[in-house]
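Residues per chain are reported as follows:
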Amino acid sequence: MSELSVNHLLGIKYLTREDIELIFHTADHFKEVINRPIKKVPSLRDITIANLFFENSTRTRLSFELAEKRLSADVVNFSAASSSVKKGETLIDTVSNILSMKVDMVVMRHPNPGAGVFLSQHVNASIVNAGDGAHEHPTQALLDSYSIRERLGSVEGKKVVIVGDILHSRVALSNIFALRLQGAQVKVCGPKTLMPRYIESLGVEVETDLRQALQWCDVANMLRIQNERMDISYFPSIREYTQLFQVNRAMLESIDKPIVIMHPGPINRGVEITSEVADSDQAIILDQVENGVAIRMAVIYLLASKIKHT
Ligand code: CP
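A quick note: this is a predicted structure, and the numbers were derived from the prediction, not measured. (Residues numbered from 1 in each chain as written. Predicted model: local features only at pLDDT ≥ 70, side-chain atom pairs only at ≥ 80, totals over all residues. Heavy atoms only, no water.)

Here we come to the site of the ligand. Taken together, the neighbourhood of the ligand is formed by Ser57, Thr58, Arg59, Thr60, Arg109, His137, Gln140, Pro264 and Gly265. Thr58 places a polar main-chain atom, nitrogen or oxygen, 2.8 Å from an oxygen atom of the ligand. Residue Gln140 places a side-chain N or O atom 3.1 Å away from a nitrogen atom belonging to the ligand. Among the residues forming the shell around the ligand, the class breakdown is one nonpolar, six polar and two charged. When residues of the shell around the ligand are assigned to domains, at least three fall in each of domain 1 (12-136 + 289-309) and domain 2 (138-284). (Near = heavy atom within 4 Å. Polar contact = N/O pair within 3.5 Å; in protein donor to acceptor, adjacent residues only side chain to side chain. Nonpolar A, V, L, I, M, F, W, Y, C, P; charged D, E, K, R; others polar. Domains from an automatic or database assignment.)

Next up on the list: the sheet that holds strand β8 (residues 219-222). On the basis of which strands lie adjacent, the open sheet formed by five strands has the order β7-β6-β5-β8-β9 and parallel pairing. Every interior strand has two partners, whereas the edge strands, β7 (205-207) and β9 (260-262), have only one. Geometrically, the sheet is characterised by an average inter-axis angle of 25° between neighbouring strands, direction not taken into account. Packing of helix α5 (residues 138-152) onto the sheet brings it into contact with β5 (159-163), β8 and β9, and relative to β9 it is tilted by some 160°. (Pairing = 2+ DSSP bridges. Helix = DSSP H or I, 4+ residues; strand = E, 2+ residues; numbered from the N terminus. Axes fitted to C-alpha atoms, helices over the stretch in contact; angles between N-to-C directions. Contact = heavy atoms within 4.5 Å.)

Turning our eyes to something else, we now look at the sheet that holds strand β3 (residues 105-110). Ordered by their spatial adjacency, four strands build an open sheet running β2-β1-β3-β4, and the pairing between neighbours is parallel. Either end of the sheet is taken by a strand with one partner, and the two such strands are β2 (74-79) and β4 (126-132). Adjacent strand axes in the sheet meet at a mean angle of 15° when their direction is disregarded. With five bridges connecting them, strand β1 (residues 48-53) and β3 associate as parallel partners.

Counting across every chain of the model gives 14 salt bridges. Among the ionic pairs, Asp28 bridges to Arg149, the shortest N-O distance being 2.8 Å. Residue Asp28 is found in helix α1 (residues 17-34), and its partner Arg149 is found in helix α5; the two are separated by 121 residues along the sequence. On the basis of relative accessible area, Arg149 is assigned to the partly exposed category, the value being 27%. With a shortest N-O distance of 2.7 Å, Glu228 and Arg224 are connected by a salt bridge. (Salt bridge = Lys/Arg side-chain N within 4 Å of Asp/Glu carboxyl O. Buried < 20%, exposed > 50% of the residue type's maximum accessible area, 1.4 Å probe, protein only.)

Here we come to the pairing of β1. Along β1, six of the six residues are buried, which leaves the element largely enclosed by surrounding structure. The alternating pattern of β1 places Thr48, Ala50 and Leu52 on one face and Ile49, Asn51 and Phe53 on the opposite face, and all of these are buried. The pairing of β1 with β2 spans six bridges and is classified as parallel. Counterpart to Ile49 in the pairing with β2 is Val75. Assessed by its sense of winding, the connection that carries the chain from β1 through helix α2 (residues 59-70) to β2 is right-handed. (Right-handed = clockwise from strand over helix to strand, strands pointing away.)

So, about the nonpolar core. Ranked by size, the top nonpolar core spans 41 residues in total, and within it Leu15, Ile23, Val128, Leu142, Ile295, Val299 and Ile300 carry the most contacts. Listing elements by their share of this core, those giving two or more residues are α1, β1, α2, β3, β4, α5 and α11 (285-304). Of the residues forming this core, the biggest block, 10 residues, is contributed by α11. Counting contributing residues per domain, this core is built from domain 1 (12-136 + 289-309) and domain 2 (138-284), each supplying no fewer than three. Not counting the four nearest positions on each side in its chain, Leu15 is found in contact with Val6, Leu9, Ile20, Ile23, Leu142 and Leu181. Counting residues in each nonpolar core, the second largest holds 29 residues, with Cys189, Ala220, Met230 and Tyr234 among its members. (Core = buried A, V, L, I, M, F, W, Y, C linked by side-chain atoms within 4.5 Å.)

That is the geometry; function is a separate question.
As structure tokens, then:
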């Protein structure tokens, strides 16, 4: 297969396993490119990309911008906080105005689930979802699986536990879709109050005992508590949460095998993970960030190759 089955990257649930394999194969090439002294290829000199961020971001925003620049695309950046959105302009009007400046692709982070799908139905540009509320974060899940493949050789057959605030996490949902599509076994672990009611219908098991979950898995993907999406308390205190769901050195020493530790960032050090573990050789957190650039180069390159210039 030489092209994606989709014209937009709106979520992992719209991809096939072959799409993921094509993205990884393409990312392998771009990973080699970004480790050269000259980290740039001229592939997308005829493409203009707008990065629209309606929500805060460090890693995703910088990673997309670097990926676009490494491919020689023209790039414009938009932040809702300093835009005319503050004067009441709608999403469609904002994007239509940007597209009339001859933009080919839109990378968008938005607090509303489904914002990318909505946009793809109303504007004539390729849309990449950089995170839509608590719905999906497809490039994060792709870079996570790519990092597992890099560390353990493959994703198929691996046992992955996702730990923390599953209810509010787009990273969890996209990872569940991506890992299951590639033949991994997935468990989720955290307080019952932070588990969506439908979670088992996605083909994952719930484990509320962190030690049992770590003993079972090959990989633990640690998530932070998403306080910004909470309007009530879901557990008594952070102290109690850390006692039950924090990965620390003592917890890792109490299981009888080495496991790989992942985190999408931002980390709340001392809450879901201690610094000792986050900075250890078992953790591949900065490898995930490095791989994010290659994965986003691959996604943008493959989507751009489907854009017909008239
Ligand atoms: N992992 C991730 O999406 O981080 P940012 O919110 O900093 O982009």
